[in-house]
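This is what each chain is made of:
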Amino acid sequence: MQPTEKYYEHDAYRREAVGHILAAEPDSRTGGGRIALDSTVFYPEGGGQPADRGTLTLADGTVLTVTDVHEQAGVIWHMVTSLPAGAVPGAEAAQAIDWEWRFDKMQQHTGEHILSGILHSMFGAENVGFHIGSDAVRMDTNIPISAEGLKAAETAANRIIWENVPVNITYPTREELAALTYRSKKEIEGQVRIVTIPGADVCACCGTHVLRSGQVGIIKILSCQKFRSGVRMEILCGERAYRYLSGTYDQARAVGQQLSVKPLDAAAAVERLEAELTAAKARMTELEETVFFHKAQELRGKGDVLLVESPMRSDGVRKLADAVAKTCGGLAAVFSGRDGQFSYALVRADGTDVAPLVKTLNNALHGRGGGRGGFAQGSVQASEAEIRTFFNNPS
């Protein structure tokens, strides 16, 4: 079968074309099939870039949805959701790609070139992994790079965008290629396609790219973590980065409005709020312990004690039970919550095992939890009335 002419290699902005079907093969698993064309505007999956999506329209007006595209031995195969009788060798197929999908990939791919080239020139880093995902672009390097280094590289990459330099595609001869310094992840046989972005990158690549760096819009590194011998980054370019940063600003503005500060001052305001909250929690703990002490004194010598309290922290339930157990001379049973859901703590200061009681309690009050010796903790799904009834007659 003859190789497919690849229009996207020479003009990534071409959105439509008319080709002829070389072969059509059904897929019994999906009810669709795949169609090979003699020429195409559809980019196949490869090099970390997802395949194009779009439609093929047959001569009789039948529209086929293209869900995936692959290349095999130079032939481009288009995966379609159905394979009608008109899809036969020699028939015409009008092609139309999903341009919004394609342009997004062009922005992400070109942005990756710029950042990878900058990282290579600044730190000698090689890009050993690249994938355009649905949410972000993943990039892997072969060496570690500090947060400060990544920030400097991000700034340098965006300067290339602001300079709006051309993105050049060339097909050098063997002699020209031998004299050229360029990035490549693997040895390439035959004609090599070189993508050159002045001041940023020279790289062998078969993907689709924008015409000028300014069309990338912006590059933003979202995250970075250690990965094997280097780092793994998540980045966004173009419209993806704009949407993300706009959403981030909207959130910062909303937080700022709540704290009566400007968006850029929100982080400092949150830090102050956290400090105030920490101090308030410490003070609350002091007051809580004072209340628990006085309540324990009121219950001194009362024997077994049941307390049903309004919701409090789980450690507060335990602390109150501990305090009361030291004075009451029996079992301190503390329940905290509202009808239908209570947390509990059971404590005997003398260490008498409460496990048998816990088992009976959990069965009777739809509870879960346990402990050992004189302490147990858990929760029940029951009303206050049911809890009091149980302790009036625990057997």
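Located above this text is the structure these notes cover.
Throughout this document, residue positions are counted from 1 along each chain, in the order its sequence is written. Given that this is a predicted model, residues contribute local features only at a pLDDT of at least 70 and side-chain atom pairs are listed and counted only at 80 or more, while totals for whole chains, interfaces and linings are drawn from all residues. Only hydrogens and water are removed before side-chain values are computed, so all heavy atoms of the structure are retained for them.

### Quick notes on the overall build of the protein
Point 1. Only DSSP runs of H or I covering at least 4 residues are called helices, and only runs of E covering at least 2 are called strands; the numbering of each starts at the N terminus. Secondary structure summary: the protein contains nine helices and 20 strands in total.
Point 2. At 34 Å, the protein has a C-alpha radius of gyration far larger than the 21 Å of a compact globule built from 395 residues.
Point 3. In terms of its C-alpha atoms, the protein occupies a principal-axis envelope of roughly 100 × 55 × 40 Å.
Point 4. The buried share of the protein, taken over its 395 residues, is 42%.
Point 5. The contact criterion used is simple: two residues touch if any of their non-hydrogen atoms lie within 4.5 Å. Counting only contacts in the protein whose residues sit at least 6 apart along the sequence, the fraction spanning at least 24 positions is 63%.
Point 6. To measure how exposed things are, a 1.4 Å probe is used in the Shrake-Rupley method; for residues, cover is taken only from the protein chains shown. Accessible surface computed for the protein: about 20,900 Å², of which carbon and sulfur atoms make up 51%.
Point 7. Between the averaged position of the 41 positive side-chain charges in the protein and that of its 48 negative side-chain charges there is a distance of 7 Å. For the radius of gyration, the atoms used are the C-alpha atoms, and the globule rule reads 2.2 Å times the number of residues raised to 0.38. Burial classes follow relative accessibility: with a 1.4 Å probe on protein chains only, a residue under 20% of its type's maximum area counts as buried, one over 50% as exposed, and anything between as partly exposed. Residues scored as positive are Lys and Arg, those scored as negative are Asp and Glu, and His as well as the terminal groups of each chain are ignored. Taken as the charge location is NZ of Lys, CZ of Arg, CG of Asp or CD of Glu.

### Description of the sheet that holds strand 17 (residues 329–338)
Point 1. Overall, mixed pairing links the five strands, which are arranged 16-17-18-20-19 in an open sheet. The strands lining the two open edges of the sheet, one partner per strand, are strand 16 (303–309) and strand 19 (367–372). Neighbour-to-neighbour, the strand axes of this sheet turn through a mean angle of 10°, independent of strand direction.
Point 2. Note: strand 19 against strand 20 (residues 375–380), six bridges, orientation antiparallel. Whether two strands pair depends on DSSP finding at least two bridges between them. Note on geometry: axes are C-alpha line fits, over the in-contact stretch for helices, and angles between N-to-C directions span 0 to 180 degrees.

### Quick look at the packing of aromatic side chains
Point 1. Pairing of aromatic side chains requires ring centres within 6.5 Å, counting the rings of Phe and Tyr and the six-membered ring of Trp. Pairs whose planes differ by under 30 degrees are stacked, by over 60 edge-to-face, and all others tilted. As enumerated under the stated definition, the model contains six aromatic pairs in all.
Point 2. Geometrically, the ring pair formed by W99 and F103 is tilted, given 5.8 Å between the ring centres and 35° between the ring planes. With W99 and F103 both in helix 2 (residues 99–123) and four residues apart, the pair spans about one turn of that helix.
Point 3. A ring pair is formed by F390 and F391, whose centres lie 5.2 Å apart and whose planes are at 90°; its orientation type is edge-to-face. Taken individually, F390 and F391 each receive the classification buried, so the pair is uniform in this respect.

### Details of the packing of helix 6 (residues 266–298) against helix 7 (residues 314–328)
Point 1. At a closest axis distance of 8 Å, the pairing of helix 6 and helix 7 adopts a crossing angle of 30°. The angle between the axes of helix 6 and helix 7 places the two elements in the roughly parallel class. The two elements helix 6 and helix 7 meet at a crossing, and its hand is right-handed. Taken together, the residues of helix 7 that come into contact with helix 6 (itself represented by T285, E288, E289, F292, K295, A296 and Q297) are G316, K319, L320, A323, V324 and T327.
Point 2. In this classification, Asp, Glu, Lys and Arg are treated as charged, Ala, Val, Leu, Ile, Met, Phe, Trp, Tyr, Cys and Pro as nonpolar, and every other residue, Gly included, as polar. Here the contact of helix 6 with helix 7 is composed, by residue class, of five nonpolar, four polar and four charged. Note on terminology: angles under 35 degrees are roughly parallel, angles over 145 are roughly antiparallel, angles of 65 to 115 are roughly perpendicular, and the others are oblique. In this scheme the handedness of a crossing depends on how the near helix is turned from the far one: anticlockwise by less than a right angle means left-handed, clockwise means right-handed.

### Considering the side chain of E9
Point 1. With respect to the secondary-structure elements, E9 resides in helix 1 (residues 7–10).
Point 2. Here E9 occupies a buried position and makes no salt bridge, while the nearest side chain of opposite charge, K6, is found at 4.2 Å.
Point 3. Not counting chain neighbours up to four residues away, the residues in contact with E9 comprise I169, Y171 and R193. Salt bridges are counted wherever a side-chain nitrogen of Lys or Arg sits within 4 Å of a carboxyl oxygen of Asp or Glu.

### Quick notes on the layout of surface pockets
Point 1. Only protein atoms enter the calculation, which uses a 1 Å grid: trapped sets of points that fit a 1.4 Å probe without letting it out are cavities, open sets showing protein on both sides within 12 Å along at least five of seven lines are pockets, and any residue with an atom within 4 Å of a point is a lining residue. Grid points are joined across faces, edges and corners, and a volume is the space filled by probe spheres set on the points. There is about 800 Å³ of room inside the largest pocket.
Point 2. Counting only elements with at least two residues in the lining of the largest pocket, the list comes to helix 1, helix 2, strand 9 (127–132) and strand 13 (201–204).
Point 3. If one sorts the elements of the lining of the largest pocket by residue count, helix 2 sits on top with three residues.
Point 4. In terms of residue class, the lining of the largest pocket is made up of eleven nonpolar, seven polar and twelve charged.
Point 5. Volume-wise, the second largest pocket comes out at about 160 Å³.

### Quick look at the packing of helix 2 against helix 3 (residues 147–163)
Point 1. Running from amino to carboxyl end, helix 2 crosses helix 3 at an angle of 125°, the nearest separation of the two axes being 9 Å. If you check the angle between helix 2 and helix 3, you find them oblique. The way helix 2 lies across helix 3 gives a crossing that is right-handed. Across from I114, L115, I118, L119, M122 and F123 in helix 2, the residues of helix 3 making contact are G149, L150, A152, A153, E154, A156, A157, I160 and I161.
Point 2. Of the residues assigned to the contact of helix 2 with helix 3, the class counts are 13 nonpolar, one polar and one charged.

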